Amino acid sequence: VVGAGGVESITQCSQKLPQMMAAAADGLGSIAIDATQLNMSVTDPTAWATAMNNLGMVPVGLPGQQLVSDSICVPGFDPGLNMMTGITPINPMIPGLGLVPPPPPTEVAVVKEIIHCKSCTLFPQNPNLPPPSTRERPPGCKTVFVGGLPENATEEIIQEVFEQCGDITAIRKSKKNFCHIRFAEEFMVDKAIYLSGYRMRLGSSTDKKDSGRLHVDFAQARDDFYEWECKQRMRAREERHRRKLEEDRLRPPSPPPIMHYSEHEAALLAEKLKDDSKFSEAITVLLSWIERGEVNRRSANHFYSMVQSANSHVRRLMNEKATHEQEMEEAKENFKNALTGILTQFEQIVAVFNASTRQKAWDHFSKAQRKNIDIWRKHSEELRNAQSEQLMGIRREEEMEMSDDETCDSPTKKMRVDESALAAQAYALKEENDSLRWQLDAYRNEVELLKQEKEQLFRTEENLTKDQQVQFLQQTMQGMQQQLLTIQEELNNKKSELEQAKEEQSHTQALLKVLQEQLKGTKELVETNGHGHEDTNEINVLTVALVNQDRENNTEKRSQGLKSEKEALLIGIISTFLHVHPFGANIEYLWSYMQQLDSKISANEIEMLLMRLPRMFKQEFTGVGATLEKRWKLCAFEGIKTT
């Protein structure tokens, strides 16, 4: 800590230093003093040590080296003074100069320097010694204990030394060379702890009463702890207030207060119920009035009219729902069209990669370019396949929705429509009757309406459960019917094969009998006549002709069981369709595609044709339980690979 007087004393000392060094440097070889730097080589270390001991200080640093760089010294101060007197340059980081930075980190070793004041001087301790110990810092500490003061130190000298650390609120000095100093802020205590370990010397005397080693430590004071507790309470109050504001901000707004029932309020509410913009607010008020029990014989007519006006909004809500559904369908269609456009662009990109991998262009690329092209091609093919799968999934969902719509057109739906029409007519008649006898039958009409609502709710729940059961049973029946049809077709095929085999057996037996009779006749003719050779040749010709005729008949029968021209066309189209769909397709999907080409074809004909060619087409089951599905796949190329 250096004041104005301290700077003047430094300048005076810098002018007298050459004279002082001439008397003290017996062992010094040479002295070079410059305005900006002073270098001195020490030839006799013992002389340097004796000079420093005469001054009552321990030499710091190595001989011939500048202890502190020029960058941290006071401007205009001669840095060579530290080599002559052992006094290191003034540290501008001391709080008295107004250049105090935040406290340095603990990892970096702090180099303490000599501090000059008006009435005393502070010398740092040997840096090789361990730093002075301190106690644990109490919360909110603003008071420090200062021990090791000189006996002749006064409160003015203590205030002069420690007021450079910050504003002092109180100093309590004891007779036993220690005192307590209370600062205005907590960070000032850290600056005061920095002075711990310094040796304090009053003036230039060497008397023991005028020197002492300072020990600065944290002190525990009740005032500091009380102020810290007050601050903690204030922070807790602020935190609670902040949390409350946050909770109030995030809390949903409370519903508006509902007014009490009166005829005037009921008339206003009836007007609000007719307005579409105020309907949601008005219906809550109506519900709360009904739940409170405001309905009685006097107010029944008002409540009935309000309920009637609430019912008139049902058609509006259904129209809004229909418009939203239409918007959703349009959005789905736009998404599907955009997806198809993206898929076509992917196809074009894949075509470009495939064209570049052909030999005409492939030979002109380098190895690195070929590798990149191959990687890009694989990546684009994967993306193309993913997009196509997504598009096919959307189409399947549309087909399933179409099939569900077809199945839903059942007599139950017609019955519901008829019931709704009858209910509308009955409702209109009730309105006419109520207008004629309004005052007498108001209570009865309310009871009937409540009963009807309960019955309708019960009926709708029963109809929903029945519809779900019927749909589930229909799905299971369809699966069983398809399985029965396949089993029947297999039985019919096996029966036809057995009949053909029986016919062939009977035919061969008849041929054998004829041949045996002919052989017997030929033997008799050979024995009776001498023209045996010619007859035998004729008989052989006849037998060969019969056998050839039988073979031709068998081949004709077999060819009748094969395909016609139309069946060949169907097989070609189905095989190309299934080749494009490697994961297979169900019979309904095939039939919907084939119906675009031939509207007269049925799904059973396609399935029979596929079952007749087991080497070309095979059937697989996918899914579990209710999601079980039969799919046909093309297996002709698998047979070629195996052969």
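Predicted model only: the values in this text are computed from it and were never measured. (Residues numbered from 1 in each chain as written. Predicted model: local features only at pLDDT ≥ 70, side-chain atom pairs only at ≥ 80, totals over all residues. Heavy atoms only, no water.)

> Break down helix H8 (residues 279–292) for me, citing the residues and quoting the values.
The terminal C-alpha atoms of H8, which comprises 14 residues, lie 20 Å apart, in line with the 20 Å expected from a rise of 1.5 Å per residue. Those residues of H8 that sit buried are Phe 279, Ala 282, Val 285, Leu 286, Ser 288 and Trp 289. Lining the buried residues of H8 we find helix H7 (263–274), helix H9 (300–311) and helix H10 (313–356). One or two steps after H8, the chain reaches Gly 293, where phi turns positive at roughly 90°. (Helix = DSSP H or I, 4+ residues; strand = E, 2+ residues; numbered from the N terminus. Expected span 1.5 Å × (residues − 1). Buried < 20%, exposed > 50% of the residue type's maximum accessible area, 1.4 Å probe, protein only. Contact = heavy atoms within 4.5 Å.)

> Go over H7 with me, naming the residues and quoting the values.
Over its 12 residues, H7 runs 17 Å from end to end, which matches the ideal 16 Å to within 8%, given 1.5 Å per residue. Of all the positions in H7, only Ala 266, Leu 269, Ala 270 and Leu 273 are classed as buried. Along the axis of H7, the buried residues cluster in a sector spanning 105°; they form a single face. For H7, the exposed residues lying more than 90 degrees away from the buried face are His 264 and Glu 271. In the core, the buried residues of H7 are packed alongside H8, H9 and H10. (Arc of directions from axis to C-beta.)

> Lay out the pattern of salt bridges with the relevant residues and their values.
According to the stated counting rule, one finds 22 salt bridges in the structure shown. Here Lys 142 and Glu 227 are joined by a salt bridge, their closest N and O atoms 2.8 Å apart. Here Lys 142 is found in the loop between strand E4 (120–123) and strand E5 (143–147), whereas its partner Glu 227 is found in helix H6 (residues 222–250), with 85 residues between them in sequence. Classification of Lys 142 as buried rests on a relative accessible area of 9%. Taking the relative accessible area as the measure of exposure, Glu 227 reaches 29% and is therefore partly exposed. Between Arg 243 and Glu 239 there is a salt bridge, with its nearest N and O atoms 3.3 Å apart. One end of the pair, Arg 243, and the other, Glu 239, are both in helix H6, four residues apart, so they sit about a helical turn from each other. (Salt bridge = Lys/Arg side-chain N within 4 Å of Asp/Glu carboxyl O.)

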